[in-house]
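Architecture at a glance
What follows is the residue order along each chain.
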Amino acid sequence: EEGVMGLWKGVGPTVGRATILAAVELATYDEVKGRLLTTQYFEEGFVCTTVTSIISGFCCTVASSPLDVVKSRMMGQRPPVVLPPDGSGRSVVVEGGQLYRGMMDCLVKSIRNEGISSLYNGFWPNVGRVVPHVVIAFTVMENLKLHFG
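Here is a short report on the structure shown in this document. Since we're looking at a predicted model, the values are computed, not measured.

Cut-offs applied
- Residues numbered from 1 in each chain as written.
- Predicted model: local features only at pLDDT ≥ 70, side-chain atom pairs only at ≥ 80, totals over all residues.
- Heavy atoms only, no water.
- Salt bridge = Lys/Arg side-chain N within 4 Å of Asp/Glu carboxyl O.
- Helix = DSSP H or I, 4+ residues; strand = E, 2+ residues; numbered from the N terminus.
- Buried < 20%, exposed > 50% of the residue type's maximum accessible area, 1.4 Å probe, protein only.
- Core = buried A, V, L, I, M, F, W, Y, C linked by side-chain atoms within 4.5 Å.
- Contact = heavy atoms within 4.5 Å.
- Phe/Tyr/Trp six-rings, centres within 6.5 Å; stacked < 30°, edge-to-face > 60°.
- Axes fitted to C-alpha atoms, helices over the stretch in contact; angles between N-to-C directions.
- Parallel < 35°, antiparallel > 145°, perpendicular 65-115°, else oblique.
- Left-handed = near helix turned anticlockwise from the far one by under 90°.
- Nonpolar A, V, L, I, M, F, W, Y, C, P; charged D, E, K, R; others polar.

Some points on the pattern of salt bridges
In the structure shown here, the tally under the stated rule is nine salt bridges. As a salt-bridge pair, Glu142 and Lys33 come within 2.8 Å of each other at their nearest N and O atoms. Of this pair, Glu142 sits in helix H4 (residues 123-148) while Lys33 sits in helix H1 (residues 11-37), and the two are 109 residues apart along the sequence. Lys33 carries the same exposure label as Glu142, and that label is buried. Overlapping salt bridges bring together Lys33, Glu44, Glu142 and Lys145 as one network.

Given below as structure tokens:
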């Protein structure tokens, strides 16, 4: 129905989200771990890695939730429909379910119509998805560094 280009629907928001997620994940992990290790409460090991990963995962969710909402809204809209030429020889474009022209349009309309908090719809389920992923990823990474240098 959408053709080959439908395979790339939502790629812009997805790439933007992945970029922000990776940047925040790595930066917060290193910064938080460094700060925790300077305290008397933490030393290198599983507990420090887990606490640091949880904080990093939470920060990732805060940073990426607006892009998750925009991405979902962009991918969920239907493309405009082009009807065959009418009697005048011109094609007619029917907007259909297309509400947004792009990511920024979606972001602005969401904030204007629903408020800034709308960008955090589904925040806690995202935390439940992102934090375990980050904990597992950094626990594996730290163990690989420990055993293989």
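Having seen it, we continue.
Observations regarding the nonpolar core
Residues Leu21, Val24, Tyr29, Cys60, Val130, Val134 and Phe138 constitute the largest nonpolar core, which totals seven residues. With residues up to four places along the chain from it excluded, the contact list for Val24 reads Tyr29, Ser56, Cys59, Cys60 and Ala63.

Things to note about the packing of aromatic side chains
Following the criterion strictly, the structure yields five aromatic pairs and no others. Centroid distance Phe58 to Phe123: 5.6 Å. Interplanar angle 90°. Geometry classified as edge-to-face. With Phe58 in helix H2 (residues 46-76) and Phe123 in helix H4, the pair connects residues that are 65 residues apart, well separated along the chain. Classification of Phe58 by relative accessible area gives partly exposed; the value is 35%. With relative accessibility at 11%, the residue Phe123 sits in the buried group. Taking 6.1 Å as the distance between ring centres and 65° as the angle between the ring planes, the aromatic pair formed by Tyr120 and Phe123 counts as edge-to-face. Taking relative accessible area as the criterion, Tyr120 reaches 32% and is therefore assigned partly exposed. Among the aromatic residues, those joined into a cluster by ring pairs are Phe58, Tyr120, Phe123 and Trp124.

Here's the deal with the packing of H2 against H4
The description of two helices packed together rests on the angle between their axes and the distance between the axes. Following both chains from N to C, one finds H2 and H4 inclined at 140°, their axes separated by 7 Å at the closest point. What the angle tells us is that H2 and H4 run oblique. Handedness of the crossing formed by H2 with H4: right-handed. Per-class residue counts for the contact of H2 with H4 are 13 nonpolar, nine polar and three charged.

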